[in-house]
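A structural walkthrough
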Amino acid sequence: MKLGDWNIDKTWTLFLDRDGVINKRLPGEYVQNIQQFEFIHGVPEAIQLLSSVFKTLVVVTNQQGIGKGLMSEDELQCIHNHMINKLAEFNGRIDKIYYSPYLESSHHISRKPAIGMGLMARRDFKDLKFSKSVMVGDSFSDMIFGKRLKMRTVFIGDPECAKQNALIIDFVFPDLLTFANSIKLNSPKA
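Residues numbered from 1 in each chain as written. Predicted model: local features only at pLDDT ≥ 70, side-chain atom pairs only at ≥ 80, totals over all residues. Heavy atoms only, no water.

**Regarding the pattern of salt bridges**
One pass over the structure, following the stated rule, counts 12 salt bridges. Its salt-bridge partner being K112, residue D142 comes within 2.6 Å of it at the nearest N-O pair. With D142 in helix α5 (residues 140-148) and K112 in the loop between β3 (96-100) and α4 (116-124), the pair connects residues that are 30 residues apart, well separated along the chain. The same class applies to D142 and to K112, which are both buried. Here D124 and R123 are joined by a salt bridge, their closest N and O atoms 3.2 Å apart. Shared partners join several salt bridges into a network, and the residues in it are D17, K112 and D142. (Salt bridge = Lys/Arg side-chain N within 4 Å of Asp/Glu carboxyl O. Helix = DSSP H or I, 4+ residues; strand = E, 2+ residues; numbered from the N terminus. Buried < 20%, exposed > 50% of the residue type's maximum accessible area, 1.4 Å probe, protein only.)

**Thoughts on the packing of helix α1 (residues 43-53) against helix α7 (residues 176-186)**
For the pair α1 and α7, the least separation of the axes is 8 Å and the interaxial angle reads 30 degrees. By the angle between their axes, α1 is roughly parallel relative to α7. Once α1 is placed against α7, the crossing between them reads as left-handed. Mapping the contact onto sequence places V43, E45, A46, I47, L49, L50, S52 and V53 in α1 and L176, L177, F179, A180, N181, I183 and K184 in α7. (Axes fitted to C-alpha atoms, helices over the stretch in contact; angles between N-to-C directions. Parallel < 35°, antiparallel > 145°, perpendicular 65-115°, else oblique. Left-handed = near helix turned anticlockwise from the far one by under 90°. Contact = heavy atoms within 4.5 Å.)

**Some thoughts on the nonpolar core**
In this structure, L16, F54, V134, V136, L176 and F179 are the most contacted members of the largest nonpolar core, which totals 38 residues. Counting residues per element, the ones that place at least two in this core are β1 (13-16), α1, β2 (56-62), α3 (73-88), β4 (133-137), β5 (152-156), β6 (171-173) and α7. Top element by residues in this core is α1. It accounts for 6 residues. With near-sequence residues (within four places) excluded, V136 lies in contact with L14, F15, L16, D17, V21, M143, V154, I156, L176 and F179. Counting 13 residues, the second largest nonpolar core, distinct from the first, contains F15, V58, Y98 and F130. (Core = buried A, V, L, I, M, F, W, Y, C linked by side-chain atoms within 4.5 Å.)

**What to know about the sheet that holds β1**
Note: strands within a sheet are paired through backbone hydrogen bonds, in either parallel or antiparallel orientation. Read across the sheet, 6 strands follow the order β3-β2-β1-β4-β5-β6 without closing on themselves; strand pairing throughout is parallel. On the outer flanks of this sheet lie β3 and β6, each paired with one strand and no other. Direction aside, neighbouring strands of the sheet carry axes that sit 20 degrees apart on average. Here 4 bridges tie β1 to β2, and the two strands are oriented parallel to one another. Opposite T13, over in β2, you have T56 as the bridge partner. (Pairing = 2+ DSSP bridges.)

This is the structure we're talking about:
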């Protein structure tokens with residue numbers, strides 16, 4: 001299978017994980033404020049490219065730092081507003097951000113790999129079809145989330161790690177910009 005076989009056009013939806021895909025992950029910690037939020041190299045340009053290809057771009061992110069009392073929902077909203085404003089400076093957009101504040105041990109329906117955030121997105125975007133959606137993430141829970149909803153999946157990270165879970169990963173890219181350039185190259189011309 002090749003990326004071009006997906007025939008992605010302006011009817012498709014892109015689901016993005018946040019930490020490790022859009023911004024640098026803080027190993028063993030949580031991004032708790034704007035000062036700790038740092039885009040991964042090339043992400044603003046990637047989002048700008050992806051905004052021109054996909055009809056809808058949504059972020060789905062587990063944020064158990066809230067459940068652990070390390071940050072508030074207002075603080076998370078400030079981080080997300082900052083992210084959206086910075087992306088807009090590059091003519092990129094995120095149409096909606098969904099987050100799960102619950103602890104991993106809660107097994108809450110909204111926490112990936114459960115499908116709650118996907119169902120919320122479908123409720124909010126009436127023409128969203130999971131069969132015309134791509135989930136991009138850097139964890140296997142992201143890939144399981146995407147496959148449970150019958151999406152295409154893209155793993156951001158080491159191809160060797162991805163080999164262990166080849167059944168739930170359609171493509172592997174080292175970063176979001178490489179994926180965006182490949183999508184742009186393989187999308188129908190406007």
